[in-house]
Amino acid sequence: WYFMMFDDESEHWKAIHENWEEQSCEKLKHYSSDAWQPLLQKPAAAWSRKVGIKEKIRPRLWYFLFVACNVTMPLPVSYSIHTRNILFGMQEELGFDLLGMPKLQTMAALTFASFAIVGHFLAGSYRVRPLLLLLVL
């Protein structure tokens, strides 16, 4: 069995995903961006691999698959996949669509906190006029 990576380019995932069941293992490996056989000698064996990816035109969608080619597996496979983009610094585990969100959320929290503090100190002078207090908040 193989662990395969496909990107969303037309010569990789898009070329193979619609007729997946009809393809041979060699053809699947040919269309994949990368494929390798994990070395699992016993159940619950730890296995890891670091893969360098260079995206030149735009951010890509990646598909990760286990492919069993003419293999019967006596035990079920359990796995977790952890991907990181080390070029994004503190945001390395966020997707490309979430870049900048921690900064935006921090700014929104600070703005809210400043309005809450100002509102707290102004509330004392508006105690006799509750409707005016609602307008200020």
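A brief structural summary. (Residues numbered from 1 in each chain as written. Predicted model: local features only at pLDDT ≥ 70, side-chain atom pairs only at ≥ 80, totals over all residues. Heavy atoms only, no water.)

What about the overall build of the protein chain?
In step 1: The helix and strand tally for the protein chain stands at 4 helices and 3 strands.
In step 2: Going from N to C terminus, the protein chain has its helices and strands arranged as β-α-α-β-β-α-α.
In step 3: When contacts within the protein chain are restricted to residue pairs at least 6 apart in sequence, long-range pairs at least 24 apart make up 57% of them.
In step 4: Carbon and sulfur atoms make up 59% of the accessible area of the protein chain, which totals about 11,400 Å². (Helix = DSSP H or I, 4+ residues; strand = E, 2+ residues; numbered from the N terminus. Contact = heavy atoms within 4.5 Å. Areas by Shrake-Rupley, 256 points an atom, 1.4 Å probe, with all protein chains shown as cover.)

Focus: the nonpolar core
In step 1: Listed in full, the 9 residues of the largest apolar core are Tyr2, Met4, Phe6, Trp13, Ile16, Cys25, Leu28, Val67 and Cys69.
In step 2: Residue assignment for this core shows that the elements contributing at least two residues are strand E1 (2–7), helix H1 (13–16) and helix H2 (25–31).
In step 3: With 3 residues, the top contributor of residues to this core is E1.
In step 4: Dropping the residues within four chain positions of it, Ile16 is found in contact with Phe6, Gln23, Leu28 and Tyr31. (Core = buried A, V, L, I, M, F, W, Y, C linked by side-chain atoms within 4.5 Å. Buried < 20%, exposed > 50% of the residue type's maximum accessible area, 1.4 Å probe, protein only.)

Considering the side chain of Asp8
In step 1: By the element assignment, Asp8 lies in the loop between E1 and H1.
In step 2: Residues in contact with Asp8, not counting those within four places in the same chain, are Trp13, Lys14, Arg58, Arg60, Leu61 and Tyr63.

Notes on the packing of aromatic side chains
In step 1: Under the counting rule described, the total for this entry stands at 5 aromatic pairs.
In step 2: Cluster of aromatic residues (ring-pair linked, three or more members): Phe3, Trp36, Phe64 and Phe66. (Phe/Tyr/Trp six-rings, centres within 6.5 Å; stacked < 30°, edge-to-face > 60°.)

Focus: the pattern of salt bridges
In step 1: Taken as a whole and assessed by the stated rule, the structure comprises 1 salt bridge.
In step 2: Measuring nitrogen to oxygen at the nearest pair gives 3.4 Å for the salt bridge that ties Lys29 to Glu26. Taken together, the residues Lys29 and Glu26, both in helix H2 and 3 residues apart, mark about one turn of the helix. (Salt bridge = Lys/Arg side-chain N within 4 Å of Asp/Glu carboxyl O.)

Remarks on the sheet that holds strand E2 (residues 34–36)
In step 1: Judged by pairing direction, the sheet is antiparallel, and its 3 strands sit side by side in the order E2-E1-E3 without closing on themselves. Edge strands, defined here as strands with exactly one partner in the open sheet, are E2 and strand E3 (62–67). The mean angle between the axes of side-by-side strands here comes to 15 degrees, regardless of whether they run parallel or antiparallel.
In step 2: In terms of strand pairing, E1 meets E3 through 6 bridges, oriented antiparallel. Opposite Phe6, over in E3, you have Tyr63 as the bridge partner. (Pairing = 2+ DSSP bridges. Axes fitted to C-alpha atoms, helices over the stretch in contact; angles between N-to-C directions.)

As for a nonpolar patch on the surface
In step 1: Residues Phe66, Val77, Tyr79 and Ile81 make up a contiguous nonpolar surface patch of roughly 360 Å² in combined accessible area.
In step 2: For Ile81, the location among the structural elements is in the loop between E3 and helix H3 (101–122).
In step 3: Taking relative accessible area as the criterion, Ile81 reaches 40% and is therefore assigned partly exposed. (Patch = residues over 30% accessible without salt bridge, like charges linked within 9 Å, V, L, I, M, F, W, Y side chains within 5 Å.)

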